[in-house]
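Commentary on secondary and tertiary structure
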Amino acid sequence: MAVATPDQYAEMIDRAKAGAFAYPAINVSSSQTINAVLQGLTEAGSDGILQVTTGGADYFAGHTVKARATGAIAMARYVREVAKNYPITVAVHTDHCPKDALDSFLLPLLEASEEEVKAGNEPIFQSHMWDGSAVPLDENVQIASELLPRVKNIGGILEVEIGVVGGEEDGVKHEGSNEALYTTVGDVTKAVEALGLGEKGRYLSALTFGNVHGVYKPGNVKLRPELLGEIQAGIAEKFGTGAKPLDLVFHGGSGSTDDEIATAVANGVIKMNIDTDTQYAFTRSIAGYMLSNYDEVLKLDGEVGNKKKYDPRAWGKVAESAMAARVVEATKQLGSFGQTKG
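Scope of this entry: the structure provided in the associated data block.

Criteria and cut-off values
- Along each chain, residues carry numbers from 1 onward, in the same order as the chain's sequence is written.
- Only residues with pLDDT of 70 or above have their local features reported here, since the model is predicted, and side-chain atom pairs are shown and tallied only from 80 upward, although totals for entire chains, interfaces and linings are computed over all residues.
- As a rule here, side-chain values come from all non-hydrogen atoms in the structure, and water together with hydrogens is ignored.
- Helix axes are fitted only over the stretch in contact, all axes being lines through C-alpha atoms; the angle between N-to-C directions runs from 0 to 180 degrees.
- Helix and strand definitions here come from DSSP, where helices need a minimum of 4 consecutive H or I residues and strands a minimum of 2 consecutive E residues; each element is numbered from the N-terminal end.
- Throughout, a crossing is termed right-handed when the near helix is turned clockwise from the far one, and left-handed when it is turned anticlockwise from it by less than a right angle.
- Contacts are residue-level and defined by heavy atoms, with any inter-residue pair within 4.5 Å sufficient.
- For this classification, the nonpolar set comprises Ala, Val, Leu, Ile, Met, Phe, Trp, Tyr, Cys and Pro, the charged set comprises Asp, Glu, Lys and Arg, and every other residue, Gly included, is treated as polar.
- Expected helix span is computed as 1.5 Å times (number of residues minus one).
- Throughout this description, buried means an accessible area under 20% of the type-specific maximum (1.4 Å probe, protein chains only), exposed means over 50%, and partly exposed covers the range between.
- What counts as a ring pair is set by centres within 6.5 Å for rings of Phe, Tyr and Trp (its six-membered ring), and what kind of pair is set by the plane angle: stacked under 30 degrees, edge-to-face over 60, tilted for all other angles.
- Grid points spaced at 1 Å and placed over the protein atoms alone form the basis of the search, with a cavity being a set where a 1.4 Å probe fits but cannot get out and a pocket an open set showing protein on both sides within 12 Å along at least five of seven lines. Lining residues have an atom within 4 Å of a point.
- Grid points are joined across faces, edges and corners, and a volume is the space filled by probe spheres set on the points.

1. A short note on the packing of helix H10 (residues 276-292) against helix H13 (residues 312-334)
The interhelical angle for the contact between H10 and H13, taken along N-to-C directions, is 145 degrees, at an axis separation of 8 Å. Seen along the crossing, H10 lies across H13 with a hand that is right-handed. Of the residues in H13, those touching H10 at Asp-277, Thr-278, Ala-281, Phe-282, Ser-285, Ile-286, Tyr-289 and Met-290 are Ala-314, Trp-315, Val-318, Ala-319, Glu-320, Ala-322, Met-323, Arg-326 and Val-327. Class assignment for the residues of the contact of H10 with H13 results in 12 nonpolar, 2 polar and 3 charged.

Here it is in structure tokens:
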């Protein structure tokens, strides 16, 4: 089908919320990883979200230059064109943008979309994340309240992080007390008082319940996904809404158990970020391919190797299919398998 329009994206989120499932949101950094995600979502019969970080955008632009806004736009344009060939609907999202990257990443992309919308076109990205987790909560919420009307005016959705995800992703690193990894009802109340509950613009809330970016040995990460239900109930009571008023995002989801994911989704998560697991699936398959075809991918002892084996398309297809298989697995964990509307 195609990249979702703003209305289609909003409908995707509504459908996930009503159906108690979530979409995988996979970080991409190349045309190969984009193709892998589209392949996996198609094989799963699932819609989904492709997203790019500041580091991913830097890589799209060319690792020897600093032009992340250009790289992000190139990523979105590529997705918009190639997605036409797949029978699913996808959204394009910008992931973690800390305060020091606003001027080089999020704000230029918003400006570019504003120009597109002014010309009668769709916004370049359907949603953007402001990551204010490294600044005081009051400042985090203030910046979010300034961004929200601009995102609303292009038909987009803002994602905010209320709380701290541990670990590190593309230079956004958090090392603090364990208590900092768990969002409170008071934290979210302050955000809702500033941002509203949709009337000022739609936003997704990345709340933290022990989340850590990356993958760790069992027992090292203490997730409390039931906390999301407690926060939903607290906000519903305080503001007099129906059940589960917040559209939630699960960060640091790689390596989580099926039960942890199911509990998070049951409590209102409609989007789960996946990066580490898909990176590993992609690279692990390449390592296996190279070791299995060692004598053919290298010109050893004066031989010529086998062009059909070292052609980047040969191992690239293997890597894309391996990553696609991990995407399929994610859709089954999240319940979006077979849920596409085409």
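Still more to cover.
2. Focus: helix H2 (residues 31-44)
Helix length check: H2, at 14 residues, gives a terminal C-alpha distance of 20 Å against a target of 20 Å (1.5 Å per residue), a fit within 8%. Buried within H2 we find Thr-33, Ile-34, Asn-35, Ala-36, Val-37, Leu-38, Gly-40, Leu-41 and Ala-44. Following H2 by one or two positions, Gly-45 adopts a phi angle in the positive range, close to 65 degrees.

3. Some points on the packing of aromatic side chains
Per the stated rule, a full pass over the model turns up 2 aromatic pairs. Residues Phe-21 and Tyr-23 carry aromatic rings whose centres are separated by 5.4 Å and whose planes lie at 80 degrees to one another, so their mutual orientation is edge-to-face. Classification of Tyr-23 by relative accessible area gives buried; the value is 2%.

4. Some remarks on the environment of Leu-148
By the secondary structure assignment, Leu-148 is in helix H6 (residues 137-153). Since its relative accessible area comes to 2%, Leu-148 is described here as buried. For the pair Leu-148 and Val-90, spaced 58 residues apart in sequence, the C-alpha separation works out to 22 Å. Among all residues touching Leu-148, those that are not within four sequence positions of it are Leu-158, Leu-195, Lys-200, Gly-201, Arg-202 and Tyr-203.

5. Focus: unusual backbone geometry
Positive phi values are uncommon outside glycine, yet Ala-20 reaches one of about 55 degrees. Owing to a relative accessible area of 48%, Ala-20 belongs among the partly exposed residues under this scheme. One non-glycine residue, Asp-301, adopts positive backbone phi at about 50 degrees. Structurally, Asp-301 can be placed in the loop between helix H11 (294-297) and helix H12 (307-310).

6. Observations concerning empty space enclosed by the protein
Gaps left between atoms are located by rolling a probe of water-molecule size over the structure's atoms. For the structure on display, the rule yields 1 cavity of 30 Å³ or more. Its volume calculated, the largest cavity comes out at about 40 Å³. What lines the largest cavity is simply Ala-16, Lys-17, Ala-20, Phe-21, Lys-244, Val-265, Gly-268, Val-269 and Ile-270. Going through the elements one at a time, helix H1 (6-19) and strand E11 (269-274) are the ones with two or more residues in the lining of the largest cavity. Of the residues assigned to the lining of the largest cavity, the class counts are 6 nonpolar, 1 polar and 2 charged.

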